[in-house]
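# Per-entry structural report
This is what each chain is made of:
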Amino acid sequence: MGAHLIDSTLFGDQFGTEEMRRLFDDRAMVRAWMEVEAALAWAEAEVGLIPREAAQVIAERVEREQWDFEALARGIAETFHPLVPAIRVLSEACGEAGAYVHWGATTQDIMDTGLILQLREALALLEERMLAVRDAWRELAIRYRDTLMPGRTHGQHGPPITFGFKAAIWVAEMNRHLERLRACKPRLLVGQLAGATGSLASLGDHGLEVQRLVMQRLGLNVPPICWHTARDNLAEFVGLLGLVCATLGKVAMEIIHLQATEVAEVEEPFIWGKVGSSTMPHKRNPMICELIAALGRIVRQDAALALDTMVQEHERDMAAWQAEWEYIPRCCILTDSALVYALHVARDLSVNAERMRANIELTGGLALSEAVMLQLGRFIGRQKAHDVVYRIAMAVASEGKVSFSEALQNDREVQAYLSPEQIRSLLEPEHYLGSARASVDRVVALTLPLSEQQEH
């Protein structure tokens, strides 16, 4: 039974996925540490710091060792040290070769590099999820490219857009996150081997060569210098997760608002048995989107925490470093869950095109006031046209005696320049979509494989 929602028997699958949890569980963490210890031994043997036979034994024991996690937990409680119990177990298992385990390294070297190995796997999974969400949104953009809906600013109707246009904005935003993720990889996937205060003095003249060989074996980039207290690489990554979750939260909130009873333009996936309320049987609440929004709120706050833990003292600062052990895995797990649920919503979103079109008519044409103003402005100037249309629109909104179209047709200043047919045409939402459709096409083309982009 988990005490945290991520590990909860009841709620764990809402706050995380088994795939991502597995990347950060105790077994994965210790396995990553030991992989680093084995790589260290091989690198040191390569330069003659330890016997090659010792490195062979260490690597074999790392590969075969079955860790007693209860014993490790007792050891950590007794020593109040995160790594020493594991080092002792490995050393004992290696017999005489155990004398060379962890030679010249410091705890943070092993744990930092182990974390980066875990994050490499997490990055691959997150990128896969992000691409899937991006592509699902792209399908919405294509499918609803021409589906008219009200454009809204300040919660009020403005000129119409299409639902495909709205979805294409989401696509472009996720595309930028994918670019950021790929850009941060070289900075994030950097190992750590620096010794007690970062100088690698424990390895003598062989320090930088051992460091290079360790990273080569692990498939990580070589650090230009120790980053024990330089945590910008991790803060950048957690900040990126905050950005991704901000986008997911924005889309989720958009769906929540568009699913409101009075709007009813979209609805998140509904299957028989989904319950919206324990007391109101009729409710079809957007509870999946509400979960996505909640997950995003937590991750965005952790992005601030990541910035805070960049502020560290001297050459090592465990007070700040330990916080990363908790919030970095949590951010990955929560973001992964948010992406999985966002994909589910995108693939099975119900879109009510008829209601979208009907809602445009709620203002009786007032939402097209800009179109009328700009056309009238061709004759009397934009500002004067704004004043004329404003006067008419405010009277219609306040008095409601005649429609906006009728009020325009009855106004002498407007009559002098615009015919009834022109006014009716200007108030047709299909005639005032500007570049909405072309913008959708452009975004869709940018997300196609390179070969198909060239054809476009």
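Please refer to the structure placed before this passage.
Residues numbered from 1 in each chain as written. Predicted model: local features only at pLDDT ≥ 70, side-chain atom pairs only at ≥ 80, totals over all residues. Heavy atoms only, no water.

What follows covers the overall build of the chain. A tally of regular secondary structure across the chain gives 20 helices and four strands. Taking 2.2 N^0.38 as the reference for a compact globule, 456 residues should give roughly 23 Å; the C-alpha atoms of the chain span a radius of gyration of 30 Å, well beyond that estimate. Referenced to the eigenvectors of the C-alpha coordinate spread, the extents of the chain come out at roughly 100 × 50 × 45 Å. Counting across all 456 residues of the chain, residues that qualify as buried make up 50%. Excluding contacts between residues fewer than 6 apart, the proportion of contacts in the chain whose partners are at least 24 apart in sequence is 74%. (Helix = DSSP H or I, 4+ residues; strand = E, 2+ residues; numbered from the N terminus. Rg over C-alpha atoms; globule rule 2.2 N^0.38 Å. Buried < 20%, exposed > 50% of the residue type's maximum accessible area, 1.4 Å probe, protein only. Contact = heavy atoms within 4.5 Å.)

Here the focus is the pairing of strand S2 (residues 156-162). Looking at chain direction, strand S1 (residues 148-153) and S2 are connected through five bridges and run antiparallel. What sits directly across from Met149, in S2, is Ile161. Hairpin connection from S1 to S2: two residues lie between these consecutive antiparallel strands, with His154 at a positive phi of about 55°. (Pairing = 2+ DSSP bridges.)

Its location among the elements puts Asn359 in helix H13 (residues 353-360). By relative accessible area, which is 4% here, Asn359 ends up buried. Ignoring sequence-local partners within four residues, the contact set of Asn359 consists of Pro150, Arg152, His157, Val263 and Glu265.

With that settled, consider helix H4 (residues 52-64). For H4, built from 13 residues, the straight-helix expectation of 18 Å at 1.5 Å per residue is met to within 8% by its first-to-last C-alpha distance of 19 Å. Restricting attention to buried positions, one finds in H4 the residues Ala54, Ala55, Ile58, Ala59 and Val62. All buried residues of H4 project into a common sector of 130° when viewed along the axis, lining one side. Those residues of H4 that are exposed and aimed more than 90 degrees away from the buried face are Glu53 and Glu63. Buried-residue contacts for H4 involve helix H3 (26-46) and helix H6 (84-93). (Expected span 1.5 Å × (residues − 1). Arc of directions from axis to C-beta.)

Attention now goes to the packing of aromatic side chains. Under the criterion given, the structure shown has six aromatic pairs. Ring geometry for Trp321 against Trp325: centres 5.0 Å apart, planes inclined by 90°, an arrangement best described as edge-to-face. Here the residue Trp321 and the residue Trp325 both occupy positions in helix H12 (residues 318-347), the gap between them amounting to four residues, near one helical turn. Overall, the relative accessible area of 3% leaves Trp321 in the buried class. Among the residues examined, Trp325 registers a relative accessible area of 32% and is labelled partly exposed. (Phe/Tyr/Trp six-rings, centres within 6.5 Å; stacked < 30°, edge-to-face > 60°.)

Taken as a whole, the largest pocket encloses approximately 920 Å³ of empty space. In terms of lining residues, the largest pocket is bounded by 33 residues, among which Phe24, Asp26, Met29, Trp325 and Glu326 are the most central. Looking at the lining of the largest pocket, the elements that each hand over two or more residues are helix H2 (18-24), H3, helix H5 (69-79), H6, helix H7 (107-143) and H12. (1 Å grid on protein atoms, 1.4 Å probe; cavity = no way out; pocket = protein on both sides within 12 Å on 5 of 7 lines; lining within 4 Å. Points joined across faces, edges and corners; volume = space filled by probe spheres on them.)

Now for a nonpolar patch on the surface. Together, Leu5, Leu10 and Phe11 line one region of the surface with nonpolar side chains, adding up to about 300 Å² of accessible area. Within the element layout of this structure, Phe11 appears in the segment before helix H1 (12-15). (Patch = residues over 30% accessible without salt bridge, like charges linked within 9 Å, V, L, I, M, F, W, Y side chains within 5 Å. Areas by Shrake-Rupley, 256 points an atom, 1.4 Å probe, with all protein chains shown as cover. Salt bridge = Lys/Arg side-chain N within 4 Å of Asp/Glu carboxyl O.)

Using the criterion set out here, one finds two cavities of 30 Å³ or more in the structure. Taken together, Trp137, Leu140, Leu248, Val251, Ala252, Ile255, Cys289, Ile292, Ala342, Val345, Ala346 and Leu349 make up the full set of residues lining the largest cavity. Elements represented by at least two residues in the lining of the largest cavity include exactly H7, helix H10 (232-258), helix H11 (287-308) and H12. Estimates place the volume of the second largest cavity at around 40 Å³.

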